[in-house]
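Residues per chain are reported as follows:
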Amino acid sequence: MARNRVRTVRVPSALALSLSTALVLTTTACGSDQADGTGTSGQKNGGAPVVVATTTWEGAFARAAGAEDVTVIVPSSARHAPDYDPKPSDLAAVAGADFVLYAPFEPYAAKIKEAAGSDARLVEVNLDNDADKAGAEVRRLGKLFGTEDAAAEWDTSFKSEYGTLRDELKDAWPGGKAPVVVTQVFSAWSAKMAGAEVVGTYGPEAVTVKQLSDLSKTEPAYVLDNAHMTTGEVLPGSGAKQVEIVNYPGGDLDLTAVYENAADTIKKALAAS
């Protein structure tokens, strides 16, 4: 029976691993998984996938897709996961994995896999919380892991819950009108869920003076910021209420909870208007 556990690898900073330039390999050189790739042969846990995920975000996608043995490398407390410094214990976790899940903006996944000498399959995950894209990604991973049924079951449950959240947010619209928002590009999924009228986007770079002027002219009621990449108040003096949206799941690797938490956050902001 597959082990049902979530492990977060941590060691003291004094043991920080220094990965030399010689270990800097491209994703292709490390045998990256193709977007439509399949195959579960040779898995180490009796056919059940053993997965190492760089962050809780990839880990949550893996869990939703049916993986039960998931190790997360970057602690959920890390504010900006791409800045994480891999540790020696991370190599031990990768060595026993069937799959290593990572995102293209994370610079360390290929280095970790190569340094560990692992034969794990390196899989690039599309970390986008847009509901349609998330469902498609979970189904893709389920096919890759050989857990299609579990992935399909999650997708059905998620679609039902997402529909409920959209209805609740619509009911919370002030005056029955869709809220007018500016959103950070990686928080746009929450604006879509809320049924908001998006009049401008910004990021991931810091807002320039010109952008500040242009976005202020759109007169948004709300700014949906990215809690993981925030640079402070985006439109100071505009009167727009800033709402921090969290993209990363917690240590429980519950992907659906990301949507539930964002919906609660937005509903509170709408109610306070």
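Just so it is clear, the model here is predicted, and its values are computed rather than measured.

### Digging into the sheet that holds strand S7 (residues 197-202)
Strand order in the open sheet formed by four strands is S7-S6-S8-S9, and the pairing between neighbours is parallel. Since the sheet does not close on itself, it has two edges, and those belong to S7 and strand S9 (241-245), each with one partner. Within this sheet the neighbouring strands show an average axis-to-axis angle of 25°, counted without direction. Two strands pair when backbone bridges link them, and strand S6 (residues 180-184) and S7 are joined in this way by five bridges, in the parallel orientation. Looking at the pairing, Val 180 lines up with Glu 197 of S7. Sheet strands touched by helix H8 (residues 255-271): strand S8 (222-226) and S9. Its angle to S9, the strand with the most contacts, is close to 170°.

### So, the confidence of the model for the chain
Predicted confidence across the chain gives a mean pLDDT of 83, with 80% of residues reaching 70 or more. Scored below 50 in pLDDT, residues 1-38 makes 83 contacts in the model with residues more than four places away or belonging to other chains.

### Concerning helix H4 (residues 131-145)
Its 15 residues give H4 an end-to-end C-alpha distance of 21 Å, which sits within 8% of 21 Å, the value for a rise of 1.5 Å per residue. Listed as buried for H4 are Ala 131, Ala 134, Gly 135, Glu 137, Val 138, Arg 140, Leu 141, Gly 142, Leu 144 and Phe 145. Considering only its buried residues, H4 is in contact with strand S2 (50-53), helix H1 (56-64), strand S4 (99-102), strand S5 (121-124), helix H5 (148-171) and H8. For H4, the N-terminal cap is Asp 130; the gap from its side-chain oxygen to the backbone nitrogen of Asp 132 is 3.1 Å. Backbone geometry just downstream of H4 places Gly 146 in the positive-phi region, at approximately 80°.

### Here we look at the nonpolar core
Of all hydrophobic cores here, the largest spans 49 residues; its most connected members are Phe 61, Leu 101, Phe 145, Met 193 and Tyr 259. The element contributing the most residues to this core is H8, with eight residues. When residues no more than four places from it in sequence are discounted, the contact partners of Tyr 259 are Asn 129, Asp 130, Ala 131, Ala 134, Phe 158, Tyr 162, Leu 165, Trp 189 and Met 193. Membership of the second largest hydrophobic core comes to 15 residues, among which are Ala 97, Tyr 108, Ala 120 and Leu 122.

### Some details on H1
Counting buried residues in H1 gives eight out of nine residues, a clear majority hidden from the surface. Listed as buried for H1 are Thr 56, Trp 57, Glu 58, Gly 59, Ala 60, Phe 61, Ala 62 and Ala 64. Considering only its buried residues, H1 is in contact with S2, strand S3 (69-72), S4, H4, H5 and H8. The distance from a side-chain oxygen at the start of H1 to the backbone nitrogen of Trp 57 is 3.1 Å, and the residue carrying that oxygen is Thr 55. One or two positions beyond H1, positive phi appears at Gly 66, with a value near 115°.

### Description of the packing of H4 against H5
Two elements in contact, H4 and H5, have axes separated by 8 Å at closest approach and are oriented at 165°. Looking at the two axes, H4 sits roughly antiparallel to H5. In this structure, the crossing between H4 and H5 has a hand that is right-handed. Facing H4, whose interface residues are Ala 131, Gly 135, Val 138, Arg 139, Gly 142 and Lys 143, H5 presents Glu 148, Ala 151, Trp 154, Asp 155, Phe 158, Lys 159 and Tyr 162. Of the residues that constitute the contact of H4 with H5, the class distribution is six nonpolar, two polar and five charged.

What counts as what
Residues numbered from 1 in each chain as written. Predicted model: local features only at pLDDT ≥ 70, side-chain atom pairs only at ≥ 80, totals over all residues. Heavy atoms only, no water. Pairing = 2+ DSSP bridges. Helix = DSSP H or I, 4+ residues; strand = E, 2+ residues; numbered from the N terminus. Axes fitted to C-alpha atoms, helices over the stretch in contact; angles between N-to-C directions. Contact = heavy atoms within 4.5 Å. pLDDT = per-residue confidence, 0-100. Expected span 1.5 Å × (residues − 1). Buried < 20%, exposed > 50% of the residue type's maximum accessible area, 1.4 Å probe, protein only. Polar contact = N/O pair within 3.5 Å; in protein donor to acceptor, adjacent residues only side chain to side chain. Core = buried A, V, L, I, M, F, W, Y, C linked by side-chain atoms within 4.5 Å. Parallel < 35°, antiparallel > 145°, perpendicular 65-115°, else oblique. Left-handed = near helix turned anticlockwise from the far one by under 90°. Nonpolar A, V, L, I, M, F, W, Y, C, P; charged D, E, K, R; others polar.

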